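Each chain, written out:
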Amino acid sequence: MRFVGRMILFFAGTVVLLSVLQRLPAAGWIFRGFFGFWIAAILLSVLAERVSRGLLTRRAFQRSVRDLGHVESAYNQGKLGSLLLSSGKAAAALPHLQRAVEGEPEVAEWRYRLGQAQVATRRFDEALASLERAVELNSEHAYGDVQLALVRAQIELRRTDEALASLARYEREFGPKPESAYHRGVALRLEGKRDAAKAAFREVGELAARTPRFQRKAQRPWVFKAWLARLS
């Protein structure tokens, strides 16, 4: 009975969606007849699958937040804060990450995540202190991303000399990357060195083109940002 009910609901949903699609200006004719019905059914299936996946992801997130929140250990607080941060809830992550740092002050991960949350909430002075300490604890943490996070805080505070020094250290240890070249361009532009900044922005695309194919998608935002920066 449940299966039959779902099929009836799906059929009704397809009919409703089809009637909406048929009213689209210039494209409504595509959804006429039997072929149009099947297109609508496929679109509804895709939409339903994505909604279902989103609901499952949300429930898993809420369950993880609930489970981690039940234990007040520094580790659990750090994991909870990191989970909230990765979900775009930087402000909510701050108190949990702060408790993690207080409970395990020598763990670079908590300092790094706290610094990221502070950058995201525009607490740049606090972020600078958190990230400087994280780099002191482990400059290679997160494959060196802790150093790039420090660079972002330094740039926001217009501490361009320090940002360029941090970038030089990062590129010595890990090699130039599209992200580091982009930040270098921003720092140089803030110093008024427009030609050098444009060269750095051009380098972003060159570096992205040399990255392994499976990593190129992740580099696209930096390429786009560099392209926009060159236009300004």
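Look above for the structure.
The present account deals with the structure reproduced in this document.

Here is what the cut-offs are and how they apply
- Residues numbered from 1 in each chain as written.
- Predicted model: local features only at pLDDT ≥ 70, side-chain atom pairs only at ≥ 80, totals over all residues.
- Heavy atoms only, no water.
- Helix = DSSP H or I, 4+ residues; strand = E, 2+ residues; numbered from the N terminus.
- Buried < 20%, exposed > 50% of the residue type's maximum accessible area, 1.4 Å probe, protein only.
- Contact = heavy atoms within 4.5 Å.
- Core = buried A, V, L, I, M, F, W, Y, C linked by side-chain atoms within 4.5 Å.
- Expected span 1.5 Å × (residues − 1).
- Arc of directions from axis to C-beta.

Moving on to the overall build of the protein chain. Counting its secondary structure elements, the protein chain contains eleven helices and zero strands. Reading the protein chain from its N terminus to its C terminus gives the helix and strand order α-α-α-α-α-α-α-α-α-α-α. The 232 residues of the protein chain split such that 38% are buried. Of the contacts made within the protein chain by residues no fewer than 6 positions apart, 44% connect residues no fewer than 24 positions apart.

Looking now at the environment of Leu-84. With respect to the helices, strands and loops of the structure, Leu-84 is situated in helix H3 (residues 74-86). A relative accessible area of 8% means that Leu-84 is categorised as buried. Along the backbone, Leu-84 and Leu-94 are ten residues apart, and their C-alpha atoms lie at a distance of 9.0 Å.

So, about the nonpolar core. The tendency in soluble globular proteins is for nonpolar side chains to be buried as a group. Of all hydrophobic cores here, the largest spans 19 residues; its most connected members are Val-151, Ile-155, Tyr-182, Val-186, Phe-201, Val-204 and Ala-226. Mapped onto this core, the elements with two or more residues apiece are helix H7 (145-156), helix H8 (160-174), helix H9 (178-190), helix H10 (194-210) and helix H11 (216-231). Contact partners of Val-204, with chain neighbours within four places excluded, come to Pro-178, Ala-181, Tyr-182, Trp-222, Val-223 and Ala-226.

A few words on H10. An α-helical segment advances 3.6 residues per turn. Residues three or four places apart therefore align on the same side. Between its first and last C-alpha atoms H10 spans 25 Å; for 17 residues at 1.5 Å apiece the expected length is 24 Å, and the two agree. Within the span of H10, buried status applies to Ala-197, Ala-200, Phe-201, Val-204, Leu-207 and Ala-208. Buried residues of H10, seen end-on, are gathered within an arc of 120 degrees and therefore sit on one face of the element. Relative to its buried face, H10 has exposed residues pointing more than 90 degrees away, namely Asp-195 and Arg-210. Where H10 is buried, its residues meet H9 and H11.

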